[in-house]
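Coordinate inspection notes
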Amino acid sequence: MIGIAIVYAIAAIAVAVFGTLGDRGGPPSSSSTAAALGYLLANLTLIAAIIGLVVSGLIWGRGTRQLAEAHGSSGRSYSRHWGIRVFSTCLFVSAAVAWLASDRSAPAVLFGQAALRTLGAAALVGGVLHSRARVLRLIADVDRIVAGHYPPVTGQDRGWPLSPTPTSDDWNASQWDPDVLRDIESRRQRDRT
């Protein structure tokens, strides 16, 4: 996903560069064949990168959710991050800039769009890396608990596994089984009478 976001940012910049090579600042005319071909390839790459971002985002989100849930946490909080929101906002503002501009092919509009799209791609990369670091921390914490390096803390998330080393409290059924506790209390009442 990170590679596709980088390709997306490069394609957005290439569209702006090849768009300014034209006679009037718009898409290159047919007289400059190389510039026209470059503009066309940059636009096709940009479209392919957008499709690639959507597909890889869906695959990455599903994999991240499954990995977080396998380690005892809610997967949604790990697969949804701030980078997606910033990327979507930059993409929307970029389209709005082109729609509101009187001359959509002006260099300022093209480079403004490229800057917004590049900022969005950078935010997407940052969000993915931040989310990846959180998942790696989750896995490390669970591995530490399972290995018995420190006991689980009371009130922790129910998804956390218990310590594999039994203690004397584990064998005291009156502390963890309410039926046994009721049976013990009823015997004490019978013995008193």
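Described below are features of the structure shown in this document. Counting starts from 1 at the beginning of each chain's written sequence and moves along it residue by residue. Only residues with pLDDT of 70 or above have their local features reported here, since the model is predicted, and side-chain atom pairs are shown and tallied only from 80 upward, although totals for entire chains, interfaces and linings are computed over all residues. Only heavy atoms go into the side-chain values, all of them from the structure, while hydrogens and water stay out.

**Regarding the overall build of the chain**
To keep it simple, the criterion reads: Numbering of helices and strands runs from the N terminus, with a helix taken as a DSSP run of H or I at least four residues long and a strand as a DSSP run of E at least two residues long. Each residue gets one of three labels from its accessible area relative to the maximum for its type: buried under 20%, exposed over 50%, partly exposed in between, using a 1.4 Å probe on protein chains only. Here, residues are in contact when the closest pair of their heavy atoms is within 4.5 Å.
Along the chain, the regular secondary structure elements total eight helices and zero strands. Secondary structure elements in the chain, listed N-terminal to C-terminal, are α-α-α-α-α-α-α-α. Burial statistics for the chain: of 193 residues in total, 30% are counted as buried. Across the chain, every contact between residues at least 6 apart in sequence was considered, and the portion connecting residues at least 24 apart equals 60%.

**Brief notes about the environment of Phe18**
With respect to the secondary-structure elements, Phe18 resides in helix H1 (residues 2–20). Given the relative accessible area of 26%, Phe18 is considered partly exposed. Sequence separation between Phe18 and Leu110 is 92 residues, and the spatial gap between their C-alpha atoms is 9.8 Å.

**Here's the deal with helix H2 (residues 33–70)**
What sets the pattern is the α-helix's 3.6 residues per turn: residues three or four places apart point alike. Quick reminder of the rule: Working rule for helices: expected span equals 1.5 Å times residues minus one.
In a regular helix each residue adds 1.5 Å, so 38 residues correspond to 56 Å; H2 covers 54 Å between its end C-alpha atoms and thus fits that length. Just downstream of H2 lies Gly72, where phi reads positive at about 85 degrees.

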